Amino acid sequence: MKVRTRFAPSPTGNLHIGGLRSALYPYALAKRNGGDFILRIEDTDKKREVLGSKEKIGENLKLFGISWDEYYVQSERLDIYKKAAEKLIKEGHAFYCDCKARNAKTEGFTKILRDPCRDKNKTSGAIKLKVPENETVSYHDLVLDKNISWDTNDVQDATLLKSDGYPTYHLAAMTDDLEMKITHVLRGHDWMPSTPIHLLVYKYLGGQMPELGHLTDILDPEGGKLSKRKGSTSVEGLIAEGYLPGAILNFIMLLGWAPKDNKELFTLEEFVKAFDVKGLQKSNPVFNREKLDWFNGQYIRQFSDDELKIKLQIQNSKFAELSEDKQLAITGLLKDRIVKLTDINNFAKFFFETPEIDKNLFGESYKEHLKMAINVIENIKDFDLENLNNKLMDAIKTNNFKTGDFFMTLRIAITGQKFTPPINDSIIILGREETLKRLKSSL
Ligand code: GLU
C-alpha cells in the first residue's frame, strides 16, 4: 500500500514552528517510503479564518523545500461532507438537532454527553454523532506506541455538520482522511481527547482508517506550552529576526525526533532518508533558543564568503553600498562571530556609520592611548595588518601601557562599543584616513 500522509493546517494566522513540524514529520514519512504528501487546507471554521493565511502556508512550506503532491481546500468540498453526514443519519449513527446552540459557560451547565435530540427523529438542523452506549473504542498510537481506549459512555454526541452546512473538524478531517486514502496521520497532541469521536466517525463512514499518532507539545523554557504570544515562534518572525530557513528546519527536526546516532546537522534530504517514526519522542521537547542560535551559526558558517555577503546585503542596505572588497572583508570578519544575519546591524554598524562616542566609557589614560595610536598610524609606511599589529605592540611596550586597556580605548574610539570584531582587522578595513578621523575626534 502506498504511504499517503497529510498536513492539514487551519488558515488561522501565521505558520508557527509547531505547524511547520506537523508538516515536516508527515512529509518525511511519506517521502521516506516513496509515498505522497498532501496539503489540505482545513478552512471550515470561517470565524477563525485569517484572510491571506491560506496562501501564505503554501509559500512558507516552499521556503523550507517542503512540496506537496496534492492540494485540497475543504471549503470547496462541502457537498462531500454533507453526503457523509447524511449517510451517517441514514445508517442510524447520527441525528438532527435543531436546538439553538447552547453555551455551557453562560448557561452554567457542565458538558452534557447525551444530546436530548438524539432519539427525537428530527429532520433538520445540525447533524450530530449518535455515540453508542457501553462500547469500547481503541487504537494504537503511532508515536506513543501503545493502545489507548475509551468507554463510549464518556464520549460526547459531537456536532458533525453545523446548521449552516459547514462541517466540524470531526467530520471533515475524517471524511477526507478516508477519501484521500491517508495511511498515517501525525497530528497535534491537543486532538487526543477527541480521538474517540474520530474513531467512531471513521468506523461508521467505513473504509480503511489511517494509523494515528499524536505529536508531543513543544514547551516554553519558562514552563507551559510554547505560547504564540511570547517572542516570535512564527516562521516569518524567526526569519525576520535573522534565522536561516535551513537552520530553523534543522532545529525543528530534532524537536521531538531523534536519530539512531547522535547526528545533529541534517539537510531536508538527509532527514527524509533517516526518518523513522520510531524515533519520534514521547516526552515534550523544550524550545531552546540557544540551540536554535547554535544551528543558525552552523548554517552561517557553511556559506562561502560570497554567499554570506549576499545574505548580509539583504539585511543592511548601507553594507550593500560599500565597495565589494570591503563587503567581503567585513563578511570574513563576521562569519565566525555572528549568530543571526541581523547581527550585522549592531555588530558591524561602525563600518558604515560614524559612531557616537560616549566618553564615559573611556578609562583613565585614554588621551595618552589616543595620541600614541594617532602617531603610530600616521607613520606606518605600508598600512597593512601585520605592520599595524607590530607597530602598536612596540609602542605599547615603549609607553608601558596595559595592552588590554589600550585596545579598549582604541575599540571605543573607533566603534563606540566595547564588543566588536577584532579591532586591528577592523581598522584596516576602515582605512587609515577614517581611523585617524575617529581617533582625533575622540581626543
Ligand atoms: N486543522 C487541524 C489543525 O490545524 C488539523 C489537525 C490534523 O492534522 O488533523 O489543528
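Everything numeric here is computed off the predicted structure, so don't read it as measured data. (Residues numbered from 1 in each chain as written. Predicted model: local features only at pLDDT ≥ 70, side-chain atom pairs only at ≥ 80, totals over all residues. Heavy atoms only, no water.)

1. Re the packing of aromatic side chains
- Within this structure, the stated rule accounts for 18 aromatic pairs.
- Their ring planes at 90 degrees and their centres at 5.4 Å tell us that Phe251 and Phe287 sit as a pair that is edge-to-face. A residue pair is termed long-range when its members are at least 10 positions apart, and Phe251 in helix H8 (residues 245–253) and Phe287 in the loop between helix H9 (268–274) and helix H10 (289–302) qualify at 36 residues. For the pair Phe251 and Phe287, a shared accessibility class is recorded, and that class is buried.
- Taking the centre distance of 5.1 Å and the plane angle of 75 degrees together, the rings of Phe406 and Phe407 count as edge-to-face. Here the two residues Phe406 and Phe407 agree in accessibility, since each one is buried.
- An aromatic cluster of three or more residues is present, and its members are Tyr25, Trp257, Phe266, Phe271 and Phe275.
- Lying across the ring of Phe266, Lys263 places its NZ or CZ 4.9 Å from the centre. (Phe/Tyr/Trp six-rings, centres within 6.5 Å; stacked < 30°, edge-to-face > 60°. Helix = DSSP H or I, 4+ residues; strand = E, 2+ residues; numbered from the N terminus. Buried < 20%, exposed > 50% of the residue type's maximum accessible area, 1.4 Å probe, protein only. Lys NZ or Arg CZ within 6 Å of the ring centre and 35° of its normal.)

2. Remarks on the nonpolar core
- Residues Leu20 and Ile66 are the most contacted members of the largest nonpolar core, which totals 92 residues.
- Looking at which element gives the most residues to this core, the answer is helix H1 (residues 17–32), with nine residues.
- With sequence-adjacent residues up to four places away left out, Ile66 is seen in contact with Leu20, Leu24, Tyr27, Phe37, Leu61, Leu249 and Leu268.
- Counting 37 residues, the second-largest nonpolar core is a separate cluster that includes Val131, Val155, Val201 and Tyr202. (Core = buried A, V, L, I, M, F, W, Y, C linked by side-chain atoms within 4.5 Å. Contact = heavy atoms within 4.5 Å.)

3. Focus on the site of the ligand
- The environment of the ligand is formed by Arg6, Ala8, Pro9, Ser10, Glu42, Tyr169, Arg187 and Trp191.
- Between the ligand and Ala8, the relevant distance is 2.8 Å, taken from a nitrogen atom to a main-chain nitrogen or oxygen of the residue.
- Between the ligand and the protein, one listed contact pairs a nitrogen atom with a side-chain N or O atom of Glu42 at 2.6 Å.
- Bound to the protein, the ligand loses 80% of the 300 Å² it would expose on its own.
- Each residue belonging to the shell around the ligand can be placed in one class, and the counts come to four nonpolar, one polar and three charged. (Near = heavy atom within 4 Å. Polar contact = N/O pair within 3.5 Å; in protein donor to acceptor, adjacent residues only side chain to side chain. Areas by Shrake-Rupley, 256 points an atom, 1.4 Å probe, with all protein chains shown as cover. Nonpolar A, V, L, I, M, F, W, Y, C, P; charged D, E, K, R; others polar.)

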